[in-house]
Amino acid sequence: MSQPDVTVVIAVYNTMPYLTTCLDSLVGQTIGLDRLEVVAVDDGSTDRSGAELDRYAKRYPETVRVLRQANSGGPAVPSNRALDHARGRYVFFLGSDDHLGPEALERLVDAADRWGSDVVLGRMVGTNKRYVHQAVYAETREQIDLVDSALPWSLSNTKLFRRDLIERHGLRFRTDMPMGSDQPFTLEACVRANKVSVLADYEYYYAVKRHNAQNITYASRFEERLRCAEELVGFVAGLLEPGPRRDAVLLRHFSWEVAKLLQTELLDLGADLQERVHDRIRKLVEGYLTDDILARLAPDLRLRLVVARDATLDRLRELIRQQAEKTPPDISTEDGRWYAHYVGFRDPSFGYPDEWYDMTDASAKVLATLTATRLAWGRDAAGARSLVVSAQSRWAELADLPAEALRVSAGEVAGVTSVTAGAPGTVVRTAFAVDRLLAAVPLNGGRETVRAEVSTPAGVGSAPLRTDRRVAAPRLLTRRGVRLHLVTPTTNHKGQVIVAITPVTTGRFLARLRRIWPSGGK
């Protein structure tokens, strides 16, 4: 048998029915079965995955090979075993719950041959709301590097690799890492490669979030995540000399793997474990967080990491709670700039610059965050029926803006809004004419979310009106032309204020009567 152009490696553990879609996407590749090899390792599946693999191996015996082993607890061991059996000039790694576009392998191999690339990325997209970082796929490029592209943010193994590169450097997956075991493999391959290319002209790879959310990315233990973050940072430090390339990769790891450990879930851990986590993250930050990384971090992540480094666990807990709120704990305004009073603000024991607390660009969004306090029916100056929505803002600054700076709307209908200073903060009242609400919805009704939009010199921000308690007004029966409608102002399961408008049809009227006077009742 001639050497295939590409070997697709699949580590399989209980991924039905997604596995069928995955395998269909492979045998249907335009590269052709004679140029393709599939090596699938059944990692001790207990569902129908093993039988499905056998079905495809029987149907495509020259293309699909199945290896079996006891469950190893992660994708590293089966992926390494498949690599030992791979014969293709190139190797491509595919998640067994993911799938490829029909032309993916042909396009990838063609690009690698044409450009002499050792690693080729094809654009990935997420399905079922799975997040895939897109920056590296902004454009097709023959050569990219860790510094001049977003490659450090896309270190999954779901790429095309020249197999000679893998074998020449003895690259294999880390079997001691239950999460992120592919990242050291991918990073070292990219560092050793003569050329890394990216293709953005086609949807090559569909990354699937299972409906039961059991992808390993979404099911992980806290301490394992911490240990794997430590392993990743240590690996990068051992592979790359200090400088821009190392910092580019560590920026990603501190932003994702490390800073994400400093969120509210940390507060749910036992006190002793919180102390250990704090101590270990402090050591990572002290050892590897350079000034260059610090300057490029998102402001909230920067503050989280430096407080973990410089402050007590109690102050770190305080910051985590502050950042979990939708609005900052307090603000100062000076020379048109907004500064949030998070932990460390103008505290000489910290010595952090004011710019770390500057939230001017987000000030419009903060001002648009209103808390609904009352929904009621009223009448406007002409005597027409109106829905009056009352809300409270924490910020007195809202009352200082021009009248046209605040717009409160229900769908496309803007209400008539008044703003008054009210301790503490600002009171906002908006009246929506019922006739306008009815005219804006389809004949079969609908529901609209009430939103506030604020315009400031720093930009425009908007947010739905929310409440931490249920507020509602009585249903209003009103007429639109010859049809009756029910208008229901209330809140939804997210605490957002909504206005539901429902036409009263004969069927609905009779159904309501049956609920009021059921059969056999008085």
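Predicted, not measured: the structure shown is a model, and the values here were computed from it.

**Quick word on the packing of aromatic side chains**
For any pair of aromatic rings, the description rests on two quantities: the centre-to-centre distance and the angle between the ring planes. Summed over the entire model, instances satisfying the criterion amount to 15 aromatic pairs. An angle of 15 degrees between the planes, with centres 4.3 Å apart, marks the rings of Phe-173 and Phe-185 as stacked. Note that Phe-173 is positioned in the loop between helix H5 (163–168) and helix H6 (182–192) and Phe-185 in helix H6, a separation of 12 residues in sequence. Under the relative-accessibility criterion, Phe-173 is labelled buried at 5%. Phe-185 gets classed as buried once you look at its relative accessible area, which sits at 2%. An angle of 40 degrees between the planes, with centres 5.0 Å apart, marks the rings of Tyr-352 and Trp-356 as tilted. For the pair formed by Tyr-352 and Trp-356, the shared burial category is buried. Site record: aromatic cluster; members linked through ring pairs are Phe-93, Phe-161, Phe-173 and Phe-185. Here the guanidinium or amino end of Arg-114 rests over the ring plane of Trp-115, the centre of that ring lying 4.9 Å away. Lying over the aromatic face of Tyr-339, Arg-346 brings its terminal NZ or CZ to 5.6 Å of the ring centre.

**Topic: the pattern of salt bridges**
All chains considered together, the criterion is met by 36 salt bridges. Members of the salt-bridge network, linked through shared partners, are Asp-5, Arg-35, Arg-89 and Asp-113.

**So, the sheet that holds strand E1 (residues 6–12)**
The strands that make up a sheet are held in pairs by hydrogen bonds between backbone atoms, and each pair lies either parallel or antiparallel. In space, the seven strands of this open sheet follow the order E3-E2-E1-E4-E8-E6-E9, with mixed pairing throughout. Whereas interior strands pair on both sides, the edge strands pair on one side only; in this sheet they are strand E3 (64–69) and strand E9 (196–199). Here the strands of the sheet are splayed against their neighbours by 20 degrees on average, with no regard to which way each runs. Examined bridge by bridge, E1 and strand E4 (residues 90–93) share four bridges and lie parallel to one another. The residue of E4 that forms the bridge with Thr-7 is Val-91. Here helix H3 (residues 76–85) sits on the sheet and contacts E1, strand E2 (36–43), E3 and E4; the angle it forms with E3, its principal contact strand, is near 135 degrees.

**Thoughts on H6**
Among the 11 residues in H6, 10 count as buried, and that is most of the element. For H6, the set of buried residues is Asp-182, Gln-183, Pro-184, Phe-185, Thr-186, Leu-187, Glu-188, Ala-189, Cys-190 and Val-191.

**Quick notes on the packing of helix H1 (residues 18–27) against helix H2 (residues 49–59)**
It is at 10 Å that the axes of H1 and H2 come closest, and there the two elements cross at 20 degrees. The orientation of H1 relative to H2 falls into the category roughly parallel. At the point where H1 passes H2, the crossing takes the right-handed sense. Here H1 contributes Leu-19, Thr-20, Leu-23, Asp-24 and Val-27 to the contact with H2, which in turn contributes Ser-49, Glu-52, Leu-53, Arg-55 and Tyr-56.

**Let's talk about the packing of helix H12 (residues 299–310) against helix H13 (residues 313–324)**
In the contact formed by H12 and H13, the axes pass within 9 Å of each other and the chain directions differ by 165 degrees. By the angle between their directions, the pair H12 and H13 is classed as roughly antiparallel. By crossing handedness, the relation of H12 to H13 is classed as left-handed. Between H12 and H13, the contacting residues are Asp-300, Leu-303, Arg-304, Val-307 and Ala-308 on the first element and Arg-315, Leu-316, Leu-319 and Gln-323 on the second. Of the residues contributing to the contact of H12 with H13, the split by class is five nonpolar, one polar and three charged.

**Focus on the pairing of strand E14 (residues 385–393)**
Bridge count between strand E13 (residues 371–379) and E14: eight bridges; the pairing is antiparallel. Residue pairing across strands places Arg-374 opposite Ser-390, the latter belonging to E14. Counted along the chain from E13 to the antiparallel partner E14, the turn is five residues long, and its residue Gly-383 has a positive phi close to 90 degrees. Strand direction decides the pairing type here: E14 and strand E18 (residues 426–433), joined by eight bridges, are antiparallel. Counterpart to Val-389 in the pairing with E18 is Thr-430.

**Here we look at the pairing of strand E21 (residues 476–480)**
Both faces of the sheet carry side chains from a regular strand, because those side chains alternate between them. Inspection of the sheet shows E21 paired to strand E22 (residues 483–491) by five bridges, in the antiparallel sense. Its bridge partner being in E22, Leu-477 is matched across the sheet by Leu-486. Hairpin connection between E21 and E22: a loop of two residues separates the two successive antiparallel strands, and Gly-481 in this loop has a positive phi of roughly 65 degrees.

**With respect to the layout of surface pockets**
Considered as a void within the structure, the second largest pocket measures approximately 930 Å³ in volume. Along the walls of the second largest pocket sit 35 residues, with Glu-325, Lys-326, Thr-327, Pro-328 and Tyr-342 positioned nearest its centre. Those elements giving two or more residues to the lining of the second largest pocket turn out to be H12, H13, helix H14 (363–367), E14 and strand E20 (459–464). Top element by residues in the lining of the second largest pocket is H12. It accounts for four residues. A per-class count over the lining of the second largest pocket returns 17 nonpolar, nine polar and nine charged.

**Section: H1**
Of all 10 residues making up H1, eight are buried, and the element is well covered by its neighbours. Taken as a whole, H1 has its buried residues at Tyr-18, Leu-19, Thr-20, Cys-22, Leu-23, Ser-25, Leu-26 and Val-27. Residues of H1 that are buried in the fold lie against E1, E2, H2, strand E5 (99–100), helix H4 (104–115) and strand E10 (205–208).

**Observations concerning the environment of Cys-190**
Position of Cys-190 among the secondary structure elements: in helix H6. In sequence terms Cys-190 and Ala-421 are 231 residues apart; their C-alpha atoms lie 58 Å from each other. Setting aside residues up to four positions removed in sequence, Cys-190 forms contacts with Val-119, Leu-151 and Val-196.

Rules of the game
- Residues numbered from 1 in each chain as written.
- Predicted model: local features only at pLDDT ≥ 70, side-chain atom pairs only at ≥ 80, totals over all residues.
- Heavy atoms only, no water.
- Phe/Tyr/Trp six-rings, centres within 6.5 Å; stacked < 30°, edge-to-face > 60°.
- Helix = DSSP H or I, 4+ residues; strand = E, 2+ residues; numbered from the N terminus.
- Buried < 20%, exposed > 50% of the residue type's maximum accessible area, 1.4 Å probe, protein only.
- Lys NZ or Arg CZ within 6 Å of the ring centre and 35° of its normal.
- Salt bridge = Lys/Arg side-chain N within 4 Å of Asp/Glu carboxyl O.
- Pairing = 2+ DSSP bridges.
- Axes fitted to C-alpha atoms, helices over the stretch in contact; angles between N-to-C directions.
- Contact = heavy atoms within 4.5 Å.
- Parallel < 35°, antiparallel > 145°, perpendicular 65-115°, else oblique.
- Left-handed = near helix turned anticlockwise from the far one by under 90°.
- Nonpolar A, V, L, I, M, F, W, Y, C, P; charged D, E, K, R; others polar.
- 1 Å grid on protein atoms, 1.4 Å probe; cavity = no way out; pocket = protein on both sides within 12 Å on 5 of 7 lines; lining within 4 Å.
- Points joined across faces, edges and corners; volume = space filled by probe spheres on them.

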